Amino acid sequence: MNIVNGFSKLTKEQKINWLVETYFKNDQTVVQLLKSYWNSNEELQKLHDEFIENTITNFYLPMGIAPNFVINGKTYTVPMVIEESSVVAAASNASKFWSKRGGFKATVLSTEKIGNVHFMFGGSKQNLVQFIEKLQPVFRSRTSNITRNMEKRGGGILSIVLKDKTAELENYYQLHATFDTKDSMGANFINSCLEEFANVLREEVSNFDLFTTEEKESLQIVMSILSNYVPNCLVRAEVSCKIADLKSKEIENPQEFAEKFVQAVRIAEIETYRAVTHNKGIMNGVDAVVLATGNDFRAIEAGVHAFAAKDGKYTSLSHAEIVGDEFRFWMNLPLALGTVGGLTNLHPMVKFAMKLLEKPKADNLMKIIAVAGLAQNFAAIKSLTTTGIQKGHMKMHLMNILNQFNASADEKVTVLQHFAEKTVSHSAVVDFIEGLRK
């Protein structure tokens, strides 16, 4: 067993030495590999080292840009951080397509975020209701030092209500609190408020005259935590145009394309197996911009997929319809984002991304990211219902295959020319490279 004590107290060099000695038979090429990804700027590297614990090196992902995004009449170049081939190309293709057809429209529908104090109580619900009602001003006064600055920016605590969950779990109740955190994602703010609410419950329960001794003793705080499910922090992204205007190089018959497109979306609405992959394509665009702007893509993913299943069945996030001679494609997406705090003020590339987007407020970033997801979804369905998804994807993946085989510059040129009009597959590329080298 490779149990190590006091690992976090070791220097970075000592951590690497332990790692290499324990798992790589003291292979110094591993040390060289790890150090080759260090930034030569020591101050910049120190900054990255301190983002997380036990840092040994950096892990690079490429940052690309997708130009020509017209959103509510304004043109953006959108930064995207992702490792998957074809995502940036697909987003760019869709953004250019719609830039000639009126662009994307995006609207923030609501910005409410949620947190809960989860607690158990074995007494009278009627007494508990009166207790929580009496504490409403106390909750506010006890968190005033936390909420002061947020309130100056127009945010703060919106509501604190009691929720009875005893039908689902014996004695289980919640304080269900809603917040507006303006331009910050607000996790620390919300959690600090919730923990103070919990302190108020603990301290005040013994002073409430209506409670019996048994009721006072039965109140037990389980945990206080924000929720990443934000069904009331919503943004809508949409595109629409006359069906005839869909005509392009890939779309020779706009009416047929529009009908097929709508059917593809409806399949994702009723078939979970398709919906999961359909929504994954949306998140290709969403996550790439979320990462580029220093936001929490795990929280976004969890909240979005919960939203996709909010009616009891996992379904498509996007929707399409034909009304008369018009094609319409839209999506509502829950996005809790921040443009201040966290990595947005620390990571140099996040600062770059924010500057590229002209330093958006949180509500504007919601619009940009939702549009990126809708653009990605449009590009994917357009490919699926016309040329097929693999033709474009494998063309983009071709360079990865060539790099796996350490192809020279001349070999890359020859291979790219050979497959310009041919179907790309891993085995076909390997066979061709091996043939070149004989």
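Just so it is clear, the structure is predicted and the values come from calculations on it, not from any experiment.

### Side note on the overall build of the chain
So, step 1. Within the chain one finds 16 helices and ten strands.
So, step 2. Looking at the chain residue by residue over its 438 residues, the buried ones come to 44%.
So, step 3. Long-range contacts, defined here as pairs at least 24 residues apart, represent 71% of the contacts in the chain between residues at least 6 apart.
So, step 4. As displayed, the chain offers around 22,800 Å² of accessible surface, 52% of which is attributable to carbon and sulfur atoms.

### Section: the nonpolar core
So, step 1. If you look at the biggest cluster of nonpolar residues, it comprises 96 residues, and the most contacted ones within it are Phe-69, Phe-131, Phe-197, Leu-201, Phe-327, Phe-329 and Leu-335.
So, step 2. The leading source of residues in this core is helix α13 (residues 362-384), at twelve residues.
So, step 3. A domain-level breakdown of this core finds at least three residues from each of domain 2 (63-109 + 234-387) and domain 3 (113-227).
So, step 4. With near-sequence residues (within four places) excluded, Phe-329 lies in contact with Ala-237, Glu-238, Val-239, Phe-261, Val-265, Ser-318, His-319, Ala-320, Leu-374, Asn-377, Phe-378 and Ile-381.
So, step 5. Counting nine residues, the second largest nonpolar core, distinct from the first, contains Ile-401, Ala-407, Phe-419 and Ile-433.

### A closer look at the sheet that holds strand β9 (residues 318-323)
So, step 1. Reading across from one edge, β3-β8-β10-β9 is the order of the four strands in this open sheet, with antiparallel pairing throughout. At either end of the open sheet lies a strand with only one pairing partner, and these are β3 (105-108) and β9. Strand-to-strand twist of the sheet, defined as the mean angle between neighbouring strand axes without regard to direction, takes the value 20 degrees.
So, step 2. Two elements, β3 and strand β8 (residues 234-242), share four bridges in a ladder whose sense is antiparallel. Within β8, the residue paired with Ala-106 across the bridge is Ala-237.
So, step 3. Strands β9 and β10 (326-334) of the sheet are contacted by helix α9 (residues 254-270), whose axis makes an angle of about 140 degrees with β9.

### Concerning the packing of aromatic side chains
So, step 1. Tallied over the full model, the rule gives 22 aromatic pairs.
So, step 2. Centroid distance Phe-131 to Phe-208: 5.2 Å. Interplanar angle 50 degrees. Geometry classified as tilted. Of this pair, Phe-131 sits in helix α5 (residues 125-142) while Phe-208 sits in the loop between α7 (187-204) and α8 (213-218), and the two are 77 residues apart along the sequence.
So, step 3. When its relative accessible area of 1% is taken as the criterion, Phe-131 is described as buried.
So, step 4. Using a relative accessible area of 7% as the deciding quantity, one classes Phe-208 as buried.
So, step 5. Three or more aromatic residues joined by ring pairs form one cluster here, namely Phe-97, Trp-98, Phe-257, Phe-261, Phe-327, Phe-329 and Phe-378.

### Description of α13
So, step 1. Compared with an ideal rise of 1.5 Å per residue, which puts 23 residues at 33 Å, α13 spans 33 Å between its outermost C-alpha atoms and is within 8% of the ideal.
So, step 2. Among the 23 residues in α13, 18 count as buried, and that is most of the element.

### Details of the sheet that holds strand β6 (residues 172-180)
So, step 1. Strand order in the open sheet formed by four strands is β5-β6-β4-β7, with antiparallel pairing between adjacent strands. Because the sheet does not close on itself, it has two edges, and the strands there are β5 (156-164) and β7 (220-226). Neighbour-to-neighbour, the strand axes of the sheet open up by a mean angle of 15 degrees, direction not taken into account.
So, step 2. Two elements, strand β4 (residues 113-120) and β6, share eight bridges in a ladder whose sense is antiparallel. Note that in β6 the partner of Gly-115 across the bridge is Ala-177.
So, step 3. Strands β4, β5, β6 and β7 of the sheet are contacted by α7, whose axis makes an angle of about 165 degrees with β7.

### Considering the environment of Asn-406
So, step 1. Counting through the fold element by element, Asn-406 comes out in the loop between α14 (389-404) and α15 (409-418).
So, step 2. Ignoring any residue separated from it by four or fewer positions in sequence, one finds Asn-406 in contact with Glu-411 and Arg-437.

Parameters and conventions
Residues numbered from 1 in each chain as written. Predicted model: local features only at pLDDT ≥ 70, side-chain atom pairs only at ≥ 80, totals over all residues. Heavy atoms only, no water. Helix = DSSP H or I, 4+ residues; strand = E, 2+ residues; numbered from the N terminus. Buried < 20%, exposed > 50% of the residue type's maximum accessible area, 1.4 Å probe, protein only. Contact = heavy atoms within 4.5 Å. Areas by Shrake-Rupley, 256 points an atom, 1.4 Å probe, with all protein chains shown as cover. Core = buried A, V, L, I, M, F, W, Y, C linked by side-chain atoms within 4.5 Å. Domains from an automatic or database assignment. Pairing = 2+ DSSP bridges. Axes fitted to C-alpha atoms, helices over the stretch in contact; angles between N-to-C directions. Phe/Tyr/Trp six-rings, centres within 6.5 Å; stacked < 30°, edge-to-face > 60°. Expected span 1.5 Å × (residues − 1).

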